[in-house]
Amino acid sequence: MGCTSSVISENQHNVVPQVKKRYLGHTRIIQEEEVDVFVNDEYNIITSDWEEGPVNFQYQNLVCLETVGNWKAGHSAGGSRNDLEMFSINPQYLIAIGPPDKHPKNDDFYLPDPSLNYIDVHICLTQTNLSQPPLHVAFFIYKTDSMEERLSAEYFLCMPPAGDTGAFVNWRQVKQHFKLTPGLYVIIPAVFNAGLEGTFKLSVKTIPPVTMKRIPSFKNVSLNASTINLKRKTSVILQEV
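Predicted model only: the values in this text are computed from it and were never measured. (Residues numbered from 1 in each chain as written. Predicted model: local features only at pLDDT ≥ 70, side-chain atom pairs only at ≥ 80, totals over all residues. Heavy atoms only, no water.)

A. Inspection of the overall build of the chain at higher detail. Looking only at helices and strands, the chain features four helices and 13 strands. In the chain, which comprises 241 residues, the share counted as buried stands at 46%. Taking contacts inside the chain between residues at least 6 apart in sequence as the whole, the part at least 24 apart equals 87%. (Helix = DSSP H or I, 4+ residues; strand = E, 2+ residues; numbered from the N terminus. Buried < 20%, exposed > 50% of the residue type's maximum accessible area, 1.4 Å probe, protein only. Contact = heavy atoms within 4.5 Å.)

B. Just the packing of aromatic side chains, in detail. All told, the structure shown has eleven aromatic pairs when counted by the stated rule. With a centroid separation of 4.6 Å and an interplanar angle of 40°, the aromatic rings of Trp71 and Phe200 are classed as tilted. Of the two residues, Trp71 is situated in strand β3 (residues 63-71) and Phe200 in strand β11 (residues 198-206); the sequence distance between them amounts to 129 residues. Both residues of the pair, Trp71 and Phe200, belong to the buried class. (Phe/Tyr/Trp six-rings, centres within 6.5 Å; stacked < 30°, edge-to-face > 60°.)

C. A look at the environment of Asp83. For Asp83, the location among the structural elements is in the loop between β3 and α2 (84-87). A polar atom in the side chain of Asp83 sits 3.2 Å from the backbone nitrogen of Glu85. (Polar contact = N/O pair within 3.5 Å; in protein donor to acceptor, adjacent residues only side chain to side chain.)

D. View of the sheet that holds strand β9 (residues 173-180). An order of β3-β11-β5-β9 is seen for the four strands of this open sheet, with the pairing classed as antiparallel. In this open sheet, the two strands that pair with only one neighbour each are β3 and β9. Between one strand axis and the next, the sheet turns through 15° on average, direction left out of account. Inspection of the sheet shows strand β5 (residues 119-127) paired to β11 by seven bridges, in the antiparallel sense. When the bridges of β11 are listed, Leu125 appears paired with Leu202. (Pairing = 2+ DSSP bridges. Axes fitted to C-alpha atoms, helices over the stretch in contact; angles between N-to-C directions.)

E. How the structure looks around the side chain of Arg81. Among the structural elements, Arg81 can be located in the loop between β3 and α2. The class of Arg81 is buried, set by a relative accessible area of 15%. A polar side-chain atom of Arg81 sits 2.7 Å from a polar atom in the side chain of Asp36. Residues in contact with Arg81, not counting those within four places in the same chain, are Gln31, Val35, Asp36, Phe87, Phe140, Tyr142 and Pro161.

F. Representation of the pattern of salt bridges within the structure. The full count for this structure, using the stated rule, is four salt bridges. Residues Asp36 and Arg81 are paired through a salt bridge, measuring 2.7 Å at the closest nitrogen-oxygen approach. Taken together, the residues span a long stretch of sequence, with Asp36 in the loop between β1 (27-29) and β2 (38-43) and Arg81 in the loop between β3 and α2 at a distance of 45 residues. (Salt bridge = Lys/Arg side-chain N within 4 Å of Asp/Glu carboxyl O.)

G. Looking closely at a nonpolar patch on the surface. Together, Tyr43, Ile45 and Trp171 make up an exposed nonpolar region whose accessible area comes to about 270 Å². Tracing the chain through its elements places Trp171 in strand β8 (residues 168-171). Owing to a relative accessible area of 30%, Trp171 belongs among the partly exposed residues under this scheme. (Patch = residues over 30% accessible without salt bridge, like charges linked within 9 Å, V, L, I, M, F, W, Y side chains within 5 Å. Areas by Shrake-Rupley, 256 points an atom, 1.4 Å probe, with all protein chains shown as cover.)

H. Structural view of the nonpolar core. The biggest cluster of nonpolar side chains holds 26 residues, and the ones touching the most others in it are Ile97, Ile123 and Ile187. Contributions of two or more residues to this core are made by β4 (93-97), β5, β6 (137-144), β9, β10 (183-191), β11 and β12 (210-214). With four residues, β5 is the largest single contributor of residues to this core. Within the second largest apolar cluster, 22 residues are counted, among which are Leu84, Phe87, Leu184 and Val186. (Core = buried A, V, L, I, M, F, W, Y, C linked by side-chain atoms within 4.5 Å.)

I. The confidence of the model for the chain, seen in detail. Of the residues in the chain, 70% have a pLDDT of 70 or more, and the chain-wide mean is 80. Low pLDDT, under 50, characterises residues 1-25; the predicted model gives this stretch 51 contacts beyond four residues in sequence or across chains. Throughout residues 220-241 the model reports pLDDT below 50, and contacts reaching past four residues in sequence, or to other chains, amount to 29 contacts. (pLDDT = per-residue confidence, 0-100.)

J. Layout of the state of the cysteines. This structure, assessed with the given rule, holds zero disulfides. In this model Cys64 remains outside any disulfide bridge; the closest cysteine sulfur is found in Cys124, 8.8 Å from its own. Of the residues examined, Cys64 reaches a relative accessible area of 36% and is grouped as partly exposed. (Disulfide = S-S within 2.5 Å.)

K. Seen up close, unusual backbone geometry. Note that the residue after Pro208, namely Pro209, is joined by a cis bond; omega there is 0°. By secondary structure assignment, the location of Pro209 is in the loop between β11 and β12.

L. Examining the environment of Asp164 more closely. For Asp164, the position within the fold is in strand β7 (residues 163-164). For the pair Asp164 and Tyr142, spaced 22 residues apart in the sequence, the C-alpha separation amounts to 8.9 Å. Not counting chain neighbours up to four residues away, the residues in contact with Asp164 comprise Phe139, Phe140, Gln176 and Phe178. A polar atom in the side chain of Asp164 sits 2.8 Å from the backbone nitrogen of Gly166.

Written out as structure tokens, the structure reads:
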């Protein structure tokens, strides 16, 4: 976590006061460094070229899954990873890639398996409120071993992303091509500043079999034993509240 975040001036259109409410009352994470940055490079264009991908990707038997969502202040507008507790309330979407019998077992899901073939996955995040200037957005992909469990702030401390789109940019559409091994992944679309509201469409294009669904928010999900064990293994300082 060696990156520092630039400071956005208060007169910019997409800045809101820091959200003070904590959504995971059982712990408070003390972060000494910031990990995400933003870039001012407004690009207010929607294109279809994201569907093409590399040349070999175009000739495969592909399916495209799409879903719509929103960032809502106080519920699902958690901002960047510079505050992991807030970041964890962002919308989370589970995707299952490849045949289920090729998915890794629970105890080694995070370890790379050189015997597995990588699968081309193209992901696009489009801001759909055309009356609103593009917000600074990005999305992140994390491996998981659960079809139901929502990823928590403690999880993000222990696990690096399997992929991301880099710095937050104020583009209408953010897209990226990934090569992923079969398994379960969680996609997290986010706006740089917590509390900013907007609507979006999330599209995933890859070879079948593939499924995608939204994971319920924390208020509908109870912490299970695996999450509690993960907290105990966390090496950073946790302050009980």
